[in-house]
Amino acid sequence: MAGMDFFNKLGSSISSAGKDGLNKAKEMKDSAKISLDIKERENSIQKMYRELGKAYYQDHKDDISSDYSDRIASIKAAFEEIGELKSNLDDVRGIRRCPHCGKVVSPEAKFCASCGEKCEEEIVECEVVGDEAGAEESTDDDIVAEAEEGTDGDLAAEAETADRTASEDVES
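Computed from a prediction, not measured in an experiment: that's the story for all the values here. (Residues numbered from 1 in each chain as written. Predicted model: local features only at pLDDT ≥ 70, side-chain atom pairs only at ≥ 80, totals over all residues. Heavy atoms only, no water.)

Participant: Hey, could you run me through the overall build of the protein in this one?
Facilitator: Tallying secondary structure elements over the protein gives 4 helices and 2 strands in all. When the helices and strands of the protein are listed from N to C terminus, the series reads α-α-β-β-α-α. Counting only residues that meet the buried cut, the protein has 14% of its 172 residues in that class. The contacts of the protein with a sequence gap of at least 6 include a subset with a gap of at least 24, amounting to 43%. Carbon and sulfur atoms make up 56% of the accessible area of the protein, which amounts to about 13300 Å² in all. (Helix = DSSP H or I, 4+ residues; strand = E, 2+ residues; numbered from the N terminus. Buried < 20%, exposed > 50% of the residue type's maximum accessible area, 1.4 Å probe, protein only. Contact = heavy atoms within 4.5 Å. Areas by Shrake-Rupley, 256 points an atom, 1.4 Å probe, with all protein chains shown as cover.)

What follows is the structure, encoded as structure tokens:
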């Protein structure tokens, strides 16, 4: 009977350990699920903050007496720098843009396929021509949309290819 008592205790210990392990696994699963729910809601709040900030910027970017005029000026300066960098990138790539709508046009095109405006013979920088408020709004919207949507993924791929090619040239 002592042998039987041993096996009963062993069975109870194994059963108890299994139940404890199962409870710990459930606790970990529940904890991970709740943590994930918290992170999703925090990300949602961050997205709403970005949208609110963008909407506020769009509504107040021309207010010079705003409490946030310094920040608005910094954002405008950053948009201008991005526009200049994009223009430089277009120059490096030999890309020509319509002076009216800013869309890419072929080097031999006399008119823009997007808006129908006459295109200059020389390569034109990536600025939108028109009234300053409208041009700035369009430029700001385009840059923000590209940044949010990641539409410049091909630029990253091209930069990576260029880096790889440069490093291969150095190794050779």
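Participant: Any chance you could explain a nonpolar patch on the surface here in plain terms?
Facilitator: On the surface, Phe 6, Phe 7, Leu 10 and Ile 14 cluster together to form a nonpolar patch covering roughly 430 Å² of accessible area. Within the element layout of this structure, Phe 6 appears in helix 1 (residues 2-60). (Patch = residues over 30% accessible without salt bridge, like charges linked within 9 Å, V, L, I, M, F, W, Y side chains within 5 Å. Salt bridge = Lys/Arg side-chain N within 4 Å of Asp/Glu carboxyl O.)

Participant: Got a minute to help me understand the packing of aromatic side chains in this structure?
Facilitator: For any pair of aromatic rings, the description rests on two quantities: the centre-to-centre distance and the angle between the ring planes. Following the criterion strictly, the structure yields 2 aromatic pairs and no others. Ring centres 5.9 Å apart and planes at 50° place the aromatic pair Tyr 57 and Phe 79 in the tilted group. On the criterion of sequence distance, the pair formed by Tyr 57 in helix 1 and Phe 79 in helix 2 (residues 69-93) is long-range, its members being 22 residues apart. Residue classification places Tyr 57 among the buried positions, given a relative accessible area of 5%. According to the relative accessible area criterion, Phe 79 is buried, its value standing at 10%. (Phe/Tyr/Trp six-rings, centres within 6.5 Å; stacked < 30°, edge-to-face > 60°.)

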